[in-house]
Amino acid sequence: MNDPRPPRGEAALRGLAGEPVRHDSAHLHVAGEAAYTDDILEVRGTLHAAFGLSRRAHARIKSMDLSGVRAAPGVVAVLTAADVPGENNVGPILHDDPILAATEVQFYGQPIFLVVAESVGAARRAARLGAVDYEDLPAVLTIEDALAKQSFVIPSVTLQRGDWQATLAAAPHRLKGAFRIGGQEQFYLEGQVAYGVPGEDGDVLVYSSTQHPGEVQLQVAHALGVEAHRVAVECRRMGGGFGGKETQASHPACAVALAARATGRPVKLRYDRDDDITITGKRHDYLVEYEVGFDGAGRIAGIDLMFASRCGFSADLSGPVNDRTVMHADNCYYLPAVRIVSHRCKTNTQSNTAFRGFGGPQGMMAIEYVLDEIARALGCDPLAVRRANFYGPGRDVTPYDMQVEDFVADRLFDELAASSDYAARRAAIRTWNATSAIVKRGIAMTPVKFGISFTATFYNQASALVHVYTDGSVLLNHGGTEMGQGLFTKVAQVVAHELGVDFDRVRVSASDTSKIPNASATAASSGSDLNGKAAQAAAAAIKMRLVAFAAERFQVPPEAVRFAANHVKIGDLKRLKFGELVRLAYLARVQLWASGFYKTPKIHYDPKTLKGRPFYYFAYGAAVSEVAIDTLTGETRTLRADILHDAGRSLNPAIDLGQVEGGFIQGMGWLTTEELSWDESGRLMTHAPSTYKIPVASDVPADFRVKLWERGENVEDSIHRSKAVGEPPLMLAISVFHAIKDAVASVSGYEGTAHLNSPATPEEVLRAVAAMTKRQPVPA
Ligand code: MTE
Ligand code: MOS
């Protein structure tokens, strides 16, 4: 940052912290040369596996005849629950998630047996030949049914503050309602895949496409019934994870390890897309109910929120996901008196899991919906109501008792409202709608405040290893994983910055449980916060030794030794190349590698009461979206989006912008086109891109103005004062949903409100338009 830029433009960038250096694998991505798990050259004798899946949502397995599977061409082995030597479970918190169902199946698509064959095709064809005799059991398929039957994966949680009941009753205005928020398939481009290679004496090496190699290692060890030191897990990169590979990569990994153990040969398992969507969990869908009391300016006095989410058949990460919903139901707003109830519904469907935002987006959707309803009931601009409720002096404590010390959403709002010309465009849209009979436009502006840190405090730790070789090149390893988000690039920049060498001199090696033990998942957006600090500490330790060595060798005070631009300045007279100093230090027997460790300070949290300071800081953003809807077909299009996002002092503005753009578009998909649909038997019907519609390039707003907030800076001592950026931008897309809601409201000349559920698919928009034209009365 402080270095003068070399003359030849971007390619010659140093790549220190803060510079928009390219992704470290960009040239490999575009050439198709970046190696993903399925690209690893197969060891001689490699076999391929496929799961045999349940064809019932809930049933007892009366008997199973797998003779047809065993006799199928190319089949080498068939494993069932009885063949698991250790623990038949991949549940990360509760032990309620079998690798292979033993006596009971709990969702349509649950793995029951594993076929191992000479080819992928042979394994997949044979997997269809299992004859399973089921005795159907009653299945719970909806949130409503689960609520009625009190079917929960873990107990419900209530967070409250103040006398919400009395405050609500006393408020000048009240509103009550309910709406739904749909789930979302992660749709990482690279599906779940693992490759297990047996070693000597019971060791196994598993290549896994996982956000959490340490977790996969432990799950594999448990499944095999061996100690963790016999299992190594490696991941060079993922073709996307988005939360879907935080826990659910364990399943294929355990399968290949079991198969490798059983056959003594390397085994690979790659879900095909339909199986992937059928087997794995997704973002939780929610039913939300609310009652809110407010004043004439739309300022909330008291609110009662009920969240009920579909968790699927097992707990997986549903506890922390739903906790995060509760802790993001305030978004940027002060809720003086509040009750939030969270039910974690057990249903006979896929076990829902992490997805970018980890429950936070659903919490934010709820409060944004309520504020929009308040504005429409009062007949004022939703932007004014949002502003009126912002955190501020004397109104700065969250429902979970954390003081908001770094609030900047108000400043982002003001800047973006001005730069996007919100007020004039809103007025122009209203005029335009008055004369446009069929196509209607809408506009909305929404803010984001997202808490950064794992709510499970112990996860907020990281380790790194930095090696300096005698030629001055640097090898970096840390516990984080690369899934396209640019973590490896950012952490390499931190190390380059610390050692004063070019980015190109720092190579990042694959995530590997043999190098960094007990690493946390790369999740909660905290990858660069945690691993950046750990790597910085490791690099600083080496630098300190080099400084001490140079000071002694050249008889200067340590302060006179300075590292920059691939050189080391020693006093005013001497200047050595970095590699030269390293070589001298090596000959003098100075240790040239170091480990670094970091744990996030200040955070604490009681998972029982949901109170504390779960987050080190907050990341903020704001977005204005303008849409057009066709009131005859229900189609929608986002015409323009303006985004201002706070990445603090960005470690890499190019990569961070990519995260903001990608997150926003992924959020748009969640709220507009991506719809999961199960039939009456509990079978997921939308298990391929033909029926499950993710955004494509043509869905990107034609006018897309994305900026990082130049004045952004972390008030906390984060890595180079940057802010985490992986998840928060997804929630900027809530502005798109509300712009659609605004367009629907125009159908009745903005009298009344559109009861729109998410996703706002064409069908849902049409339904809402139809309801609107019946001119529903404004709630009192
Ligand atoms: N970006 C890409 N390209 N691919 C991904 O899979 N995952 C998101 C986000 N951005 C993801 C992504 C999620 S869910 C998280 S938690 C963060 O990246 C994780 O990485 P970080 O902590 O390094 O930001
Ligand atoms: Mo991200 S949902 O925390 O993997």
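Our structure's up above, just so we're on the same page.
These notes cover the structure that comes with them. The structure displayed is predicted, hence computed values, not measured ones.

Basis of the calculations
- Every chain's residues receive numbers from 1 upward, in the order its sequence appears when written.
- Whichever chain is written first becomes A and whichever ligand is written first becomes 1, with later ones labelled in order.
- Per-residue local features are limited, in this predicted model, to residues with pLDDT of at least 70; the limit for side-chain atom pairs, both in listing and counting, is 80 or more; totals at the level of whole chains, interfaces and linings are taken over all residues.
- Side-chain metrics rest on all non-hydrogen atoms present in the structure, leaving aside hydrogens and water.
- Interaxial angle, 0 to 180 degrees, is taken between N-to-C directions of lines fitted to C-alpha atoms, where a helix line uses only the stretch in contact.
- A run of H or I in DSSP counts as a helix once it spans at least four residues, and a run of E counts as a strand once it spans at least two, with each numbered from the N terminus.
- Convention used here: angles under 35 degrees read as roughly parallel, angles over 145 as roughly antiparallel, angles from 65 to 115 as roughly perpendicular, and any remaining angle as oblique.
- Put simply, a crossing is left-handed when the front helix is turned counterclockwise from the back one by less than a right angle, and right-handed when it is turned clockwise.
- By definition, residues are in contact when any of their heavy atoms lie within 4.5 Å.
- Residues are grouped as follows: Ala, Val, Leu, Ile, Met, Phe, Trp, Tyr, Cys and Pro are nonpolar; Asp, Glu, Lys and Arg are charged; every other residue, Gly included, is polar.
- Partly exposed residues are those whose accessible area sits between 20% and 50% of the maximum for their type, while under 20% is buried and over 50% is exposed, using a 1.4 Å probe and protein chains only.
- When the strands point away from the viewer and the path from the first strand over the helix to the second turns clockwise, the crossover is right-handed.
- Strand pairing is assigned whenever DSSP detects at least two bridges linking the two strands.
- Take a side-chain nitrogen of Lys or Arg and a carboxyl oxygen of Asp or Glu: if they are within 4 Å of each other, that pair is a salt bridge.
- We define a nonpolar core as any set of buried Ala, Val, Leu, Ile, Met, Phe, Trp, Tyr and Cys residues linked to one another through side-chain atoms lying within 4.5 Å.
- When at least one non-hydrogen atom of a residue lies within 4 Å of a molecule or strand, that residue is treated as near it.
- Polar contacts, as counted here, are pairs of nitrogen or oxygen atoms within 3.5 Å of one another; within protein the pair requires one atom able to donate a hydrogen and one able to accept it, and residues that are adjacent in sequence qualify only if both atoms are side-chain atoms.
- Values of accessible area rely on a 1.4 Å probe in the Shrake-Rupley scheme; residue burial ignores everything except the protein chains shown.
- Distance thresholds for patches are 9 Å for like charges and 5 Å for nonpolar side chains (Val, Leu, Ile, Met, Phe, Trp, Tyr), applied to residues having over 30% relative accessible area and no salt bridge.

Here's the deal with the packing of helix α14 (residues 487-499) against helix α15 (residues 527-553)
Inference 1: One way to put it is that α14 packs onto α15 with a least axis distance of 9 Å and a crossing angle of 30°. As the angle between them shows, α14 and α15 are arranged roughly parallel. With respect to the hand of their crossing, α14 and α15 are arranged in right-handed fashion. Between α14 and α15, the residues in contact are L487, K490, V491, V494, V495, E498 and L499 and G527, S528, N531, G532, A535, Q536, A539, A540 and K543, respectively.
Inference 2: Looking at the contact of α14 with α15, its residues break down into eight nonpolar, five polar and three charged.

Let's talk about the pairing of strand β11 (residues 231-235)
Inference 1: With four of its five residues buried, β11 lies for the most part within the structure.
Inference 2: At this point the chain moves from strand β10 (residues 204-208), through helix α6 (residues 213-224), to the parallel β11, and the crossover so formed is right-handed.
Inference 3: Bridge count between β11 and strand β20 (residues 511-512): two bridges; the pairing is antiparallel. Counted as the bridge partner of E234 is D512 from β20.

Topic: the pattern of salt bridges
Inference 1: Scanning the model with the defined rule gives 41 salt bridges in all.
Inference 2: Its salt-bridge partner being K245, residue E190 comes within 3.0 Å of it at the nearest N-O pair. With a gap of 55 residues between them, E190 in the loop between β8 (173-181) and β9 (193-198) and K245 in the loop between β11 and α7 (250-263) connect regions that are remote in the sequence.
Inference 3: In this structure, the salt-bridge partner of D699 is K693, at a minimum N-O distance of 3.3 Å.
Inference 4: D699 gets classed as partly exposed once you look at its relative accessible area, which sits at 23%.
Inference 5: Taking relative accessible area as the criterion, K693 reaches 38% and is therefore assigned partly exposed.

Things to note about the sheet that holds strand β3 (residues 75-79)
Inference 1: Taken in spatial order, the eight strands make up an open sheet running β3-β5-β1-β12-β9-β10-β11-β20, and their pairing is mixed. Edge strands, defined here as strands with exactly one partner in the open sheet, are β3 and β20.
Inference 2: Most of the contacts of α6 go to β11, to which it runs at about 145°, and overall it touches β10, β11 and β20.

Concerning the nonpolar core
Inference 1: L305 and F578 are the most contacted members of the largest nonpolar core, which totals 154 residues.
Inference 2: Per-element accounting of this core gives the leading share, 10 residues, to α15.
Inference 3: In this structure, F578 is in contact with V468, G472, V474, L499, V501, L546, F563, N566, H567 and V568, ignoring residues within four places of it in sequence.
Inference 4: Judged by nonpolar contacts, the second largest core, of 37 residues, contains V90, V233, A253 and L269.

Let's talk about the sheet that holds strand β14 (residues 300-312)
Inference 1: Spatial strand order, β7-β15-β14-β13-β8: five strands in an open sheet with mixed pairing. Of all the strands in the sheet, just β7 (152-161) and β8 have a single pairing partner and so form its edges. Shown here is a sheet whose adjacent strand axes are inclined to one another by a mean of 5°, direction ignored.
Inference 2: Two elements, β8 and strand β13 (residues 286-294), share nine bridges in a ladder whose sense is antiparallel. Within β13, the residue paired with H173 across the bridge is F294.

Considering the site of ligand 1
Inference 1: Residues in contact with ligand 1 amount to 18 residues; listed here are only the nearest, G241, F242, M483, G527 and Q659.
Inference 2: Between ligand 1 and M483 there is a distance of 2.9 Å, counted from a nitrogen atom to a backbone nitrogen or oxygen.
Inference 3: With respect to ligand 1, the backbone of S526 contributes an N or O atom lying 3.2 Å from an oxygen atom.
Inference 4: Contact with the protein chains covers 92% of the free accessible surface of ligand 1, which is 520 Å².

Topic: unusual backbone geometry
Inference 1: The omega torsion across S758 and P759 is 0°, close enough to zero to call that bond cis.
Inference 2: Topologically, P759 is positioned in the loop between α18 (734-745) and α19 (762-773).
Inference 3: A positive phi is found at D401, a non-glycine position, where the angle reads about 75°.
Inference 4: Structurally, D401 is set in the loop between α11 (382-389) and α12 (409-419).
Inference 5: By relative accessible area, D401 is classed as partly exposed at 44%.
Inference 6: The phi dihedral of D421 is positive, around 65°, even though this residue is not glycine.

Quick look at the packing of helix α17 (residues 653-672) against α18
Inference 1: Between α17 and α18, the shortest axis-to-axis distance is 8 Å and the interhelical angle comes to 45°. Viewed along their axes, α17 and α18 adopt a mutual orientation that is oblique. Every residue of α18 that contacts α17 at F664, M668, L671 and T672 is listed here: I734, S735, V736, F737 and I740.
Inference 2: Each residue belonging to the contact of α17 with α18 can be placed in one class, and the counts come to seven nonpolar, two polar and no charged.

Focus on a nonpolar patch on the surface
Inference 1: On the surface, a nonpolar cluster with roughly 350 Å² of combined accessible area is contributed by W432, I438, V439 and L632.
Inference 2: Residue class for V439 comes out partly exposed when judged on its relative accessible area of 32%.

No statement about biological role is implied by the geometric values presented.
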